[in-house]
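# Notes for the structure review
Take a look at the letters that make up each chain.
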Amino acid sequence: SDLFFLLQRVAGSKHVGEVLPASYLLLERAVIEERKKRVHPVISRAKFIEMGGLCAINNESDLFRASQFLHNLGTLIYFHKDPTLNKYVILEPQW
């Protein structure tokens, strides 16, 4: 069931027990909504920064931490350290 899958996903996360800002969850919802709008679920880094700002994530280090969190959850794929790949954020890991 979906609940069982969700519990497995959360239990296996290295973020269990970590207090996270509500803005991370807002960003996750924004990512999910944005992916529904696109044929190709890829956005620019600039668009991702804009989305972060709309979710009250206003500095790059906080946005990087949020992107790592969402990457680890499997919500998106973002390679922050790669100079070529960091220009894009993949909103649908299964794509």
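The rules we used
Residues numbered from 1 in each chain as written. Predicted model: local features only at pLDDT ≥ 70, side-chain atom pairs only at ≥ 80, totals over all residues. Heavy atoms only, no water. Helix = DSSP H or I, 4+ residues; strand = E, 2+ residues; numbered from the N terminus. Expected span 1.5 Å × (residues − 1). Buried < 20%, exposed > 50% of the residue type's maximum accessible area, 1.4 Å probe, protein only. Arc of directions from axis to C-beta. Core = buried A, V, L, I, M, F, W, Y, C linked by side-chain atoms within 4.5 Å. Contact = heavy atoms within 4.5 Å. Axes fitted to C-alpha atoms, helices over the stretch in contact; angles between N-to-C directions. Parallel < 35°, antiparallel > 145°, perpendicular 65-115°, else oblique. Left-handed = near helix turned anticlockwise from the far one by under 90°. Phe/Tyr/Trp six-rings, centres within 6.5 Å; stacked < 30°, edge-to-face > 60°. Nonpolar A, V, L, I, M, F, W, Y, C, P; charged D, E, K, R; others polar.

Over its 16 residues, helix α2 (residues 22-37) runs 23 Å from end to end, which matches the ideal 22 Å to within 8%, given 1.5 Å per residue. Turning to α2, its buried residues are S23, Y24, L27, E28, V31 and E34. Buried residues in α2, looked at end-on, bunch into an arc of 145 degrees, giving them a common side. Exposed residues on α2 whose side chains face more than 90 degrees from its buried face are A22, R29, K36 and K37.

What follows covers the nonpolar core. Ranked by internal contacts, the top residues of the largest apolar core, which has 17 residues, are L27, V31, I43, F48, I57, L76 and V89. Take this core: its biggest share by element is five residues, from helix α4 (residues 60-73). Residue contacts for L76: discarding those within four places in its chain leaves V31, F48, S67, L70, H71, V89, I90, L91 and P93.

Next up on the list: the packing of α2 against helix α3 (residues 45-54). Following both chains from N to C, one finds α2 and α3 inclined at 130 degrees, their axes separated by 9 Å at the closest point. Compared by their axis directions, α2 and α3 come out oblique. For the element pair α2 and α3, the recorded crossing hand is right-handed. Residue-level contacts link L27, A30, V31 and E34 of α2 to K47, F48, M51 and G52 of α3.

This paragraph deals with the packing of aromatic side chains. Under the definition given, this model contains two aromatic pairs. Between Y24 and F69 the ring centres are 5.9 Å apart and the planes differ by 40 degrees, which places this aromatic pair in the tilted class. You can see Y24 sitting in helix α2 and its partner F69 sitting in helix α4, a full 45 residues away along the chain. Both residues of the pair, Y24 and F69, belong to the buried class. Measuring from centroid to centroid gives 5.9 Å for F48 and Y78, while their planes differ by 40 degrees, and the two rings are tilted. In this pair, F48 is assigned in helix α3 and Y78 in the loop between α4 and β2 (88-90), connecting sequence segments 30 residues apart. The two residues F48 and Y78 agree in class, both being buried.

Turning our attention to the packing of α2 against α4. Direction vectors running N to C along α2 and α4 enclose 60 degrees, while the axes themselves pass 10 Å from each other. As judged from the angle between their axes, α2 and α4 are oblique. Seen from above, α2 lies across α4 with right-handed handedness. Packed against α2, whose contacting residues are Y24, L27 and E28, the element α4 presents D62, L63, R65, A66, F69, L70 and L73 at the interface. Looking at the contact of α2 with α4 residue by residue, the class counts come to seven nonpolar, no polar and three charged.

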